Every structure is written in structure tokens, then in C-alpha cells.
Amino acid sequence: DSLSCEQQRALGVRCAQGVIDLAQDPRLAKALETALTPDVSALEVEEAYKTAKAISTATFTACGRDADWMAQAEHFSAAALQAALAPADQLPGMGTAAWKAAMQARMARNCAMIETGQGSADSESQRQYKIAQAASG
């Protein structure tokens, strides 16, 4: 909560970066690359946000499928980047951009773990705690 909007965005983008490998749509990787670019313009951030939102919206129906866990993982990966890049006035409810991105990233990782039967939910949360500690000084 004590981080600035820019710090929130950077932390959220790092959370999304941790699960980008779960997304099949190359536009999402490109949007993440844009978000990670130093001195990225506000217009570029807005375009990356729109891309992540479009992919998140398009893949939302995958969350209703019983067996396609990787499609669900892609949805949550896109939702993580969308949360990280969302304009402050478009973040409904409680929580910060970084928190919302972190939760979506954890959901993505959980879906992948269900699909593969490998991994640990703790590893994603521990990774996020480490980057949060580094971001807060």
C-alpha cells in the first residue's frame, strides 16, 4: 500500500512476468516486453493494457472448461498483466494493482500445476515476496 502508482505497476508487471510462460498468445509477451521497457510512454502502457485486457476477455470463457487448465492459466496470465497496467481509476474493489496482479499470477500458476501435477504454490508466492521486498527497499 505504501508504494507509488509507478512502483505498484512495476511490481505487478514483475508478477505477470513470472507467469508469461503459461500464455500462448504472442501479443501478451509483446505487451509485457513493452511494459518492461525503461522510459515507456503512457501511450505504450495504455496499448499494452488494452492488449492484455483483450486477451483476458477473450480467454475468460476458458475458465468454464473443466479440462483445459492451460487455457485457464493463459487467462490468468493475461489478467495479471491487465491488473498491473490498469489505470488507477479502473481498479475496482479493494487491493492495489500489484496485489491484484500477484493474485492473478498465482491463479495462473495453480492452473498449470493442476495440468502438469508438478510445482508448488509456495514457489510462486515466495518469488513474489522476494520481488516485493526488493521493490519496497
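Residues numbered from 1 in each chain as written. Predicted model: local features only at pLDDT ≥ 70, side-chain atom pairs only at ≥ 80, totals over all residues. Heavy atoms only, no water.

(A) Summary view of the overall build of the protein chain. In terms of regular secondary structure, the protein chain is built from six helices and zero strands. Scanning the protein chain from its N terminus toward the C terminus, one meets helices and strands in the order α-α-α-α-α-α. Within the protein chain, the proportion of its 137 residues that are buried is 42%. Once local pairs closer than 6 in sequence are excluded, the contacts in the protein chain between residues at least 24 apart make up 65%. Accessible surface computed for the protein chain: about 7600 Å², of which carbon and sulfur atoms make up 55%. (Helix = DSSP H or I, 4+ residues; strand = E, 2+ residues; numbered from the N terminus. Buried < 20%, exposed > 50% of the residue type's maximum accessible area, 1.4 Å probe, protein only. Contact = heavy atoms within 4.5 Å. Areas by Shrake-Rupley, 256 points an atom, 1.4 Å probe, with all protein chains shown as cover.)

(B) Expanded view of helix α1 (residues 5-17). Taking 1.5 Å as the rise per residue, α1 with 13 residues should run 18 Å; its terminal C-alpha atoms sit 18 Å apart, in good agreement. Considered for burial, the residues of α1 that qualify are Q8, L11, G12, V13, C15 and A16. (Expected span 1.5 Å × (residues − 1).)

(C) Looking closely at unusual backbone geometry. Unlike most non-glycine residues, D39 shows phi in positive territory, near 60°. Residue position: D39 is located in the loop between α2 (26-36) and α3 (42-59). Under the relative-accessibility criterion, D39 is labelled exposed at 82%.

(D) Summary view of the packing of α3 against helix α4 (residues 69-85). At their nearest, the axes of α3 and α4 sit 8 Å apart, and the two run at 150° to each other. Considered as vectors, α3 and α4 are oriented roughly antiparallel to each other. For α3 against α4, the interelement crossing comes out left-handed. Contact residues: α3 offers V45, A48, Y49, A52, K53, I55, S56 and T59, while α4 offers E74, H75, A78, A79, L81, Q82 and L85. Residues belonging to the contact of α3 with α4 are distributed by class as follows: nine nonpolar, four polar and two charged. (Axes fitted to C-alpha atoms, helices over the stretch in contact; angles between N-to-C directions. Parallel < 35°, antiparallel > 145°, perpendicular 65-115°, else oblique. Left-handed = near helix turned anticlockwise from the far one by under 90°. Nonpolar A, V, L, I, M, F, W, Y, C, P; charged D, E, K, R; others polar.)

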